[in-house]
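# Summary of the model geometry
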Amino acid sequence: MSRDRAVDALRGYAIAGVVLGHWLVTGLVLAPDGSLHQASPLAAMPALAPATWLLQTLGLFFFTAGYASARSAARHRGSGRWLAHRLRRLVLPAIALLGTGAAVLLAATVAGTPDDALAVALTLAVSPLWFLLPLCALMALTGPLRAAVRRWGPGWCAAPAVVVVAGADLAVRLLPSADALLPVSLLAAWAVPYLLGLAHADGRLAGRRAAAALAVGGAIGLAVLIAAGYPASAVGVPGAATSNLNPPSLVAVTLAGAQIGLGLLARPALLRFTSRPLPARAVEAVNRNAMRIYLWHQPVLVGVAALTARLAGTLPGLHTPPDGPGWVVARGCWLPVLAVVLAILVARRRAAPVPSRAARTRVPGGPERVGSTAREGVR
């Protein structure tokens, strides 16, 4: 079964959007005592909120995950073995991140790094792991969800999830202890794009009519919700009373629908784009390393900020308060540096040999020898 290059391009855009979004909205302010404090340019520049509609691409991430799960499950009849394989490809890189993070945290503590800086670094490094909860749960439910989509269609299957998110939104605004609803809201909100991905894998979203309905319906829903009082930013803003992402609100759901619809409408252009050698190689590389890129992009930001602060002091766009357009320009100048560091880190981790049952050969009288390296990625 051949890969869908348009879906690969959407996955690449989703990963790039998450990385660039985090790098652009995460300000790390260097205090006189050498500690780093987190700040957001969205608090000082609310006019940047529309940019988050382009860079908060988690809906596309779950859409392509649903598509990949449906296609992968169709090739593997043993659902238990398939699920174990998919979960291993998600969990093992996360465990590697936690292990490396623990070692770095211990070394930083011994070196006398301020507690505030350690807290910020730990929060930013671990925060991307939240997605494992809903994604693993949805993967485990791929079989029944796919059967439901085939029987009732994606609209009827997604409707109960939308109702749950709407109810959680109402509870967050009315009940002070509604934080307990977070796991339910997480699963329900991201189940919507995941279900659409399952439907797309079965050809149920083929044609411009379905894509246009998603794009227009999502855009109208987004406009209505913002007019009704939801925050305009698709991500959380420090100091704001509510967030559209923690927990995910109806804004996150409608934004996902709009992005998926626009992505499906752009399918011919994406196929032409990925037919060229250089874009094709770039998309393939991002897809092959998607999990590592997602997990390591925030530690790269923290590491570069901490190292340059120790070596060169306060640098514009990296350690200064994100309080104006000048900061945005300066941070944009740092993006290529962060991208190069991330690419080097991902490439080095891929080069390390990973033992696998198929790759091991037994040497008489000696230890096992690794014969190849394992490939991983979010497919």
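Residues numbered from 1 in each chain as written. Predicted model: local features only at pLDDT ≥ 70, side-chain atom pairs only at ≥ 80, totals over all residues. Heavy atoms only, no water.

You'll find the chain entered in an unreviewed UniProt entry as Acyltransferase family protein, with Micromonospora krabiensis given as the organism.

Looking at the element boundaries, Asp8 is found in helix α1 (residues 5-25). Those residues in contact with Asp8 that lie beyond four places of it in its chain are Arg3, Val283 and Asn287. (Helix = DSSP H or I, 4+ residues; strand = E, 2+ residues; numbered from the N terminus. Contact = heavy atoms within 4.5 Å.)

Okay, the layout of surface pockets next. Taking a probe equal in size to a water molecule and rolling it over the atoms shows the remaining empty space. If you add up the space inside the largest pocket, you get close to 1,100 Å³. Lining the largest pocket are 41 residues; nearest its centre among them are His22, Val25, Val235, Gly236 and Leu245. At the level of secondary structure, the elements contributing two or more residues to the lining of the largest pocket comprise α1, β2 (36-39), α2 (41-44), α3 (49-55), α6 (115-126), α10 (182-201), α15 (290-312) and α16 (325-351). Element by element, the count of residues in the lining of the largest pocket is highest for α1, at five residues. Approximately 940 Å³ is the volume attributed to the second largest pocket. Lining the second largest pocket are 32 residues, and of these Val104, Ala121, Val302, Gly303 and Ala306 sit closest to its centre. Taken together, the elements giving at least two residues each to the lining of the second largest pocket come down to α5 (79-110), α6, α15 and α16. A total of 10 residues in the lining of the second largest pocket trace back to one element, the largest contributor, which is α15. (1 Å grid on protein atoms, 1.4 Å probe; cavity = no way out; pocket = protein on both sides within 12 Å on 5 of 7 lines; lining within 4 Å. Points joined across faces, edges and corners; volume = space filled by probe spheres on them.)

Attention shifts here to empty space enclosed by the protein. For the structure shown, the criterion picks out two cavities of 30 Å³ or more. By volume, the second largest cavity amounts to about 40 Å³. Forming the walls of the second largest cavity are Ala6, Val7, Leu10, His200, Gly263, Leu264, Arg267 and Leu270. Elements represented by at least two residues in the lining of the second largest cavity include exactly α1, α12 (250-265) and α13 (267-273). Tallying contributions element by element places α1 first for the lining of the second largest cavity, with three residues. Looking at side-chain class alone, the lining of the second largest cavity contains five nonpolar, two polar and one charged residues. (Nonpolar A, V, L, I, M, F, W, Y, C, P; charged D, E, K, R; others polar.)

Here Leu270 shows up in helix α13. Here the alpha-carbon distance between Leu270 and Val7, two residues 263 residues apart in the chain, equals 8.6 Å.

Glancing now at the packing of helix α8 (residues 142-152) against helix α9 (residues 154-174). At a closest axis distance of 6 Å, the pairing of α8 and α9 adopts a crossing angle of 120°. By the angle between their axes, α8 is oblique relative to α9. Facing α8, whose interface residues are Ala148, Val149 and Trp152, α9 presents Pro154, Trp156 and Cys157. The class makeup of the residues in the contact of α8 with α9 is six nonpolar, no polar and no charged. (Axes fitted to C-alpha atoms, helices over the stretch in contact; angles between N-to-C directions. Parallel < 35°, antiparallel > 145°, perpendicular 65-115°, else oblique.)

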